[in-house]
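# Coordinates in review
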Amino acid sequence: MTADVGAAAPASPAPLPPAADPKLRHMANALRALAMDAVEQAKSGHPGMPMGMADVATVLFSQFLKFDPSDPYWPDRDRFVLSAGHGSMLLYGLLHLTGYADMTLDELKRFRQLGSKTAGHPERGLASGIEVTTGPLGQGIANAVGLALAERLLAAEFGADAVDHRTYAICGDGCLMEGISHEALSLAGHLKLNKLIVLWDDNAVSIDGPTSLAVDDDQVARFAAHGWATDRVDGHDHAAVAAAIRRAHGNDRPTMIACKTIIAFGAPTKAGTAAAHGSPLGADEIKATRQRLGWDYPAFEIPDDVRAWWREVGARGAGPRREWEARLGELGGKRGEFERRMRNELPAALDNALAKACDEFRAKNAKVATRQASGAVLDAIVPAVPELVGGSADLTPSNNTKAKGMEDVAPPAYGGRYIRYGVREMGMAAAMNGIAAHGGLIPYGGTFLTFTDYARPAIRLSALMELGVVYVMTHDSIGLGEDGPTHQPVEHVAALRAIPHLLVFRPADAIETAECWRLALENRHAPSVLALTRQGVPLLRTSADDENRSAKGAYVLVEPPAPRHVTLLATGSEVSIAAEAAQKLAAERVNAAVVSMPCWELFERQGEDYHTQVLGSAPRVGVEAAVRLGWDRWLGPNSRFIGMDGFGASAPVEALYPHFQITPERVADAARSLLTEQHTASKPPSPGRA
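One structure accompanies this document, and this report is about it. (Residues numbered from 1 in each chain as written. Predicted model: local features only at pLDDT ≥ 70, side-chain atom pairs only at ≥ 80, totals over all residues. Heavy atoms only, no water.)

### Here's the deal with the overall build of the protein
A count of helical and extended segments in the protein gives 26 helices and 20 strands. Relative to its length of 690 residues, the protein is compact, with a C-alpha radius of gyration of 29 Å against a globular reference of 26 Å. Summarising its shape, the C-alpha atoms of the protein cover approximately 100 × 75 × 45 Å along the three principal directions. Within the protein, contacts between residues separated by at least 24 positions form 78% of all contacts whose residues are at least 6 apart in sequence. Here the protein displays about 26200 Å² of accessible surface, and carbon together with sulfur accounts for 51% of that area. A distance of 2 Å separates the average location of the 69 positive side-chain charges in the protein from that of its 81 negative side-chain charges. (Helix = DSSP H or I, 4+ residues; strand = E, 2+ residues; numbered from the N terminus. Rg over C-alpha atoms; globule rule 2.2 N^0.38 Å. Contact = heavy atoms within 4.5 Å. Areas by Shrake-Rupley, 256 points an atom, 1.4 Å probe, with all protein chains shown as cover. Lys, Arg positive; Asp, Glu negative; His and termini not counted. Charge placed at Lys NZ, Arg CZ, Asp CG, Glu CD.)

### Here we look at the side chain of Thr 450
If you trace the backbone, Thr 450 turns up in the loop between β11 (442-448) and α18 (452-465). The class for Thr 450 is buried, based on a relative accessible area of 7%. If sequence neighbours within four positions are ignored, Thr 450 has contacts with Thr 486, His 487, Pro 489 and His 492. (Buried < 20%, exposed > 50% of the residue type's maximum accessible area, 1.4 Å probe, protein only.)

### Some details on the sheet that holds strand β3 (residues 196-202)
Judged by pairing direction, the sheet is parallel, and its five strands sit side by side in the order β1-β2-β3-β7-β6 without closing on themselves. Each edge of the open sheet is held by one strand with a lone partner, namely β1 (79-82) and β6 (229-234). When the angles between neighbouring strand axes are averaged without regard to direction, this sheet yields 15°. Bridge count between β1 and strand β2 (residues 167-171): four bridges; the pairing is parallel. (Pairing = 2+ DSSP bridges. Axes fitted to C-alpha atoms, helices over the stretch in contact; angles between N-to-C directions.)

### Quick look at the packing of aromatic side chains
According to the stated counting rule, one finds 16 aromatic pairs in the structure shown. Look at Phe 61 and Phe 80: their rings are 5.2 Å apart centre to centre, the planes differ by 80°, and that puts the pair in the edge-to-face class. With Phe 61 in helix α2 (residues 48-63) and Phe 80 in strand β1, this residue pair connects regions lying 19 residues apart in the sequence. Assessed through its relative accessible area of 7%, Phe 80 is described here as buried. (Phe/Tyr/Trp six-rings, centres within 6.5 Å; stacked < 30°, edge-to-face > 60°.)

### Section: helix α7 (residues 179-191)
For α7, with 13 residues, the first-to-last C-alpha span of 19 Å sits near the 18 Å given by 1.5 Å per residue. Among the structural elements, α5 (139-158), α6 (173-177), β3, α8 (219-225), β10 (418-420) and α17 (425-438) are those in contact with the buried residues of α7. Just downstream of α7 lies Lys 192, where phi reads positive at about 55°. (Expected span 1.5 Å × (residues − 1).)

### Brief notes about the sheet that holds strand β14 (residues 528-531)
With parallel pairing, the six strands of this open sheet are ordered in space as β10-β9-β11-β12-β14-β13. Two strands bound the open sheet, and with one partner strand each, they are β10 and β13 (503-505). When the angles between neighbouring strand axes are averaged without regard to direction, this sheet yields 20°. When β11 meets strand β12 (residues 470-474), the two strands line up parallel, connected through five bridges. Considered in β12, the bridge of Phe 448 is made with Thr 474.

### What to know about the packing of α5 against helix α13 (residues 334-342)
With their axes 11 Å apart at the nearest point, α5 and α13 run at an angle of 155° to one another. In terms of orientation, α5 and α13 fall into the roughly antiparallel class. Contacts from Leu 154, Glu 157 and Phe 158 of α5 reach α13 at Lys 334, Glu 337, Phe 338, Arg 341 and Met 342. Tallied by class, the residues present in the contact of α5 with α13 amount to four nonpolar, no polar and four charged. (Parallel < 35°, antiparallel > 145°, perpendicular 65-115°, else oblique. Nonpolar A, V, L, I, M, F, W, Y, C, P; charged D, E, K, R; others polar.)

### Looking at the pattern of salt bridges
Counting across every chain of the model gives 42 salt bridges. Where Arg 32 meets Asp 55, a salt bridge forms, and the shortest distance between an N and an O atom there is 2.6 Å. One end of the pair, Arg 32, is in helix α1 (residues 22-42); the other, Asp 55, is in helix α2, and 23 residues separate them in sequence. For Asp 55, a relative accessible area of 0% gives the class buried. Between Glu 588 and Arg 672 there is a salt bridge, with the nearest N and O atoms lying 2.6 Å from each other. With a gap of 84 residues between them, Glu 588 in the loop between α21 (574-587) and β18 (592-596) and Arg 672 in helix α26 (residues 664-682) connect regions that are remote in the sequence. The exposure class assigned to Glu 588 is partly exposed, which follows from its relative accessible area of 40%. (Salt bridge = Lys/Arg side-chain N within 4 Å of Asp/Glu carboxyl O.)

Quick look at the structure:
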């Protein structure tokens, strides 16, 4: 959004009062100039926030932040999150000036252009130094909570010699208006994440105008109520900012520092106004701002002395990084485990643990809910995969997400591996993004599938960032029964499948559940949703099989002995319904194949030859206790779909499937109808009467 408002700059703007530290002010002015120039050249962007927070950022990076541009992924670096992602030029300017090799001046000149590293909002993976993708306001705060929590968990396991760093985040008024901020701040305060410091850009301006148009919250009091330490400073007083950060380092809780700033600091007519929030300042205003700041240099030019000062800041981190490498060499037997984690390599013990779980499923051959099967899988793999960190949004007994022997994460020791997220679905999802982005841990968290609506913005960012977060989403259909349509997801699987780079798994039985867990863990650059049943389902694959048949996304579960007459496609709990329908058809000498499709996204990746092998050329019937959206990709023109075309109802599961006609009989009827139509269409027309 942009605001095309503002007045022409005066011919002779009044100079700003002198700064107590002219060097720091000059360094900050370099950030202001780059932000003004890049936004003006792009004719798009948000110059006001970078100009307002330039002094705070200069103090943070020059005096406190532990980082090394020559080794940007050094595991024990401090993490910096720009939650107010619309002010991305602040981050890009910092990365360029401190010497990150891939953030060149040419990239700044290509701000917001196709193919540049300087996207409108910071995107993880486009350039080093960008820890998380931010822009949807409030997400960055919750990511920072996850980053800070990951540091505490790893420090508890490997010790302070290997893991000892802080997480800093800059947020704006909009971040604090978003509901996710309440969830994230409450969780961080509860867990006493004292190495988390949030710097609030308290400029009292949003796109619409003064924030007083919409909000009167006492944010400092709100943070204090959430269990945070708080501080207030003049955000343009370098010494005051530095003193507040030093105080924060001594706190036993997370800290919020309210930095009172002027948006577009230095601009003669647009400073302090919404005109500077989301639009270029304009050539005349920029010229006058340069005069007022005493910045007598052309666009994108950084004087040698200022560039040298900033490069000294960037070079400062090499020493601490080398000292850390020396300490890591003394870590002993834990070093190999630490380095394996940071390489994102799974432990060798995982496959044996999964194989044992599958053997037990086959030995019992019981009818179990896939959520229960998932819990059994976790019991097997959590001891084998020490980087797994679980949790639930207050639905642990329902989600079956706490494995045997798992202890709760709690201050001050942080030695557990199970996080009680409370009823905070979006906060949980966004915090897990931070945990995954940190490295060294694999987060998974559970809630009901219908509540992915609460978590969806964070799930989408998991996919955009290509983070291997695992979402354990149970109660996946009308099969959950009596809780009724408020809790019965009918459109959610289709909506999740619409998110690019997200793997949506809907396993049919206990064996597929184990296979899908393996696939979720090995896909470290894609998030996964495990959609799991509340109701019991039979074991469909009772014979030992070393192949992960779910790995290609779909496979032929039942192939008739003679050429197919019809193919029944299904996912999850409806695969057993399709299998029973195939048996009914077989009694009538109708050859029906059954295809289980646990993951459409993986099936999509296979070649057309495999698609043809699995789907065949016979008429098709799709079965899923959900809406039809997306199914026509696999069904083709000569087909039927058995599923939901509206919301569910409150009743026992035994009544719901017959009520909505998702039954073996209905599937068999659909197959018969297709074959009758095919037979009729193939008959030659009757000769007409003379």
